[in-house]
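Here are the chains, one letter per residue:
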Amino acid sequence: MEQRRRATMRDVADRAGVSQATVSLVLNDVAGGRATEETRARVLAAARDLEYRTNAFAKTLRSGDSGIIGFISDEVASAPFAGAMLKGAQELAWQTGNVILSVDTFGRPDLEAAAVDMMHSYQVRGVLYAAMYHRVLDLPAALRDLPAVVLNAREASGRVPSFFPDEEQGGYTATQQLLDAGHDRIAFINIQEPDSDLPAGIGRLAGYRAALEERDVPFREELVRYGGGVVEDGLALARDLMEAERPTAIFCGNDRTAWGAYRALERMGLRVPDDCSIVGFDNQETLAPFLDPGLTTLQLPFEVMARRALDAVLDGPRTGSPFNPVECALVNRGSVASAKVTA
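- Under the annotation held in an unreviewed UniProt entry, the protein carries the name LacI family DNA-binding transcriptional regulator and is attributed to Cellulomonas hominis.

Here it is in structure tokens:
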């Protein structure tokens with residue numbers, strides 16, 4: 001089958017009855033171009049009829065602006081749970097006339113170095129450097145000469161802006177929801193051990209304590225358990241709490257832990273929320289809405305973080321705070337009930 005010849009700028013100019021220079025001005029939307037609206041309409045119609053496509057590489061050479069935003073991540077692009085970050089960046093990129101060039105490195109230094117080199121070779125406008133989970137990290141030195149932001153993590157030096165979930169606010173909101181329902185024996189199952197330096201567990205525990213203190217409810221260490229954020233830990237630790245301390249509500253550090261807590265209560269012949277209210281964290285869309293009852297939880301703000309991070313790249317250097325926590329919104333479902341009044 002004979003391959004169709006690709007239309008050129010000369011073809012568009014001949015079809016529209018104008019010069020190639022006029023075609024270039026119109027298709028590149030050059031400010032101050034002298035083409036009339038009628039001429040612009042003829043050029044655009046000719047380009048559409050001929051299925052003409054501009055040469056992006058040639059345009060980059062002329063203007064120095066590739067219209068490409070780099071997105072380097074460890075596992076984000078291949079993980080459904082955190083893929084909303086890529087979605088949020090992609091949507092804003094399209095709205096602003098840019099495209100996303102995304103690379104997952106899977107935590108391999110050699111792949112990360114190759115990804116950084118590729119971003120330089122494509123002359124990207126900037127780079128979103130994203131992490132699968134919230135942690136403190138160092139931006140690769142080779143990215144420091146590009147407009148760059150860190151997404152879903154904190155850049156240790158503060159040299160570039162970082163956008164990450166406000167874990168403490170989320171923990172406070174979760175606990176406040178249970179306090180507002182009248183609970184004062186609220187347990188907390190964390191997703192990491194006490195000596196862990198990861199911001200998620202540290203922040204969520206701090207928010208839990210702050211909410212209790214604000215309502216003059218004593219913090220009780222015996223109501224706190226430390227797990228690994230998996231279903232099995234939620235099952236074992238929730239059962240332990242119910243047998244030992246009998247809380248009326250449990251704040252679980254993530255939705256998988258909450259799922260385990262649901263299973264523990266069911267095995268003990270108890271129901272959520274009649275016998276124990278539960279709040280989770282993450283709003284994992286493949287899990288939280290499908291528990292019975294649906295899980296009240298905190299939304300990790302992946303899309304919002306990504307849009308704000310991309311805004312920062314497009315805006316260029318500015319003097320705002322290098323650390324930008326983003327609110328985690330409460331998603332109300334059916335797992336919280338009013339505390340029962342005891343005689």
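Brief notes about helix α1 (residues 9-16)
Step number 1: Buried residues of α1: Asp11, Val12, Ala13 and Ala16, and no others.
Step number 2: Each element contacted by the buried residues of α1 is listed here: α2 (20-27) and α3 (37-50).

Some words on the packing of helix α9 (residues 231-244) against helix α10 (residues 255-267)
Step number 1: Interaxial distance between α9 and α10 falls to 6 Å at its minimum, and their mutual angle equals 50°. By the criterion of interaxial angle, the relationship of α9 to α10 is oblique. Seen from above, α9 lies across α10 with right-handed handedness. Counting all contacts with α9, which are made through Val231, Gly234, Leu235, Ala238, Arg239 and Met242, the residues of α10 involved are Arg256, Thr257, Trp259, Gly260, Ala261, Arg263, Ala264, Leu265 and Arg267.
Step number 2: Split by residue class, the contact of α9 with α10 holds eight nonpolar, three polar and four charged.

A word on the pattern of salt bridges
Step number 1: Counted under the stated rule, the structure contains 13 salt bridges.
Step number 2: As a salt-bridge pair, Arg225 and Asp240 come within 2.7 Å of each other at their nearest N and O atoms. You can see Arg225 sitting in strand β9 (residues 224-226) and its partner Asp240 sitting in helix α9, a full 15 residues away along the chain.
Step number 3: In this structure Arg225 comes out as buried when scored by relative accessible area, which is 13%.

Description of the sheet that holds strand β7 (residues 162-165)
Two strands in a sheet stick together by hydrogen bonds in their backbones, pointing the same way (parallel) or opposite ways (antiparallel).
Step number 1: Across the sheet, six strands lie side by side as β2-β1-β3-β5-β7-β13; this open sheet has parallel pairing. Each edge of the open sheet carries a strand with a single partner, namely β2 (99-104) and β13 (323-326). Strand-to-strand, the axes of this sheet are offset by a mean angle of 20°, without reference to chain direction.
Step number 2: Alignment of strand β3 (residues 126-130) against strand β5 (residues 148-151), held across four bridges, turns out to be parallel. Following the sheet pairing, Tyr129 is matched in β5 by Val150.
Step number 3: Against the sheet, helix α5 (residues 84-95) makes contact with β1 (68-73), β2, β3 and β5, and its axis sits at roughly 155° relative to β2, the strand it touches most.

Thoughts on the packing of aromatic side chains
Step number 1: Considering all chains together, one arrives at four aromatic pairs under this definition.
Step number 2: On the basis of an interplanar angle of 35° and a centroid distance of 6.5 Å, the ring pair of Phe251 and Phe281 is categorised as tilted. Of this pair, Phe251 sits in strand β10 (residues 249-252) while Phe281 sits in the loop between β11 (277-279) and β12 (297-298), and the two are 30 residues apart along the sequence. Per residue, the accessibility class of Phe251 equals that of Phe281, and both read buried.
Step number 3: Taken together, Phe188, Tyr208, Phe219, Phe251 and Phe281 form an aromatic cluster joined through their ring pairs.
Step number 4: Positioned above the aromatic ring of Phe219 is the side chain of Arg209, whose terminal nitrogen or guanidinium carbon lies 3.8 Å from the ring centre.

A few points about the environment of Arg215
Step number 1: The residue Arg215 is located in the loop between α8 (199-214) and β9 in this model.
Step number 2: A residue is classified by how much of its surface remains accessible, and Arg215, at 34% relative accessible area, is partly exposed.
Step number 3: Placed 92 residues apart in sequence, Arg215 and Gln123 show a C-alpha to C-alpha distance of 54 Å.
Step number 4: Non-local contacts of Arg215, meaning those with residues more than four positions away in its chain, are made with Gln176, Leu179 and Asp180.

The rules we used
Residues numbered from 1 in each chain as written. Predicted model: local features only at pLDDT ≥ 70, side-chain atom pairs only at ≥ 80, totals over all residues. Heavy atoms only, no water. Buried < 20%, exposed > 50% of the residue type's maximum accessible area, 1.4 Å probe, protein only. Helix = DSSP H or I, 4+ residues; strand = E, 2+ residues; numbered from the N terminus. Contact = heavy atoms within 4.5 Å. Axes fitted to C-alpha atoms, helices over the stretch in contact; angles between N-to-C directions. Parallel < 35°, antiparallel > 145°, perpendicular 65-115°, else oblique. Left-handed = near helix turned anticlockwise from the far one by under 90°. Nonpolar A, V, L, I, M, F, W, Y, C, P; charged D, E, K, R; others polar. Salt bridge = Lys/Arg side-chain N within 4 Å of Asp/Glu carboxyl O. Pairing = 2+ DSSP bridges. Phe/Tyr/Trp six-rings, centres within 6.5 Å; stacked < 30°, edge-to-face > 60°. Lys NZ or Arg CZ within 6 Å of the ring centre and 35° of its normal.

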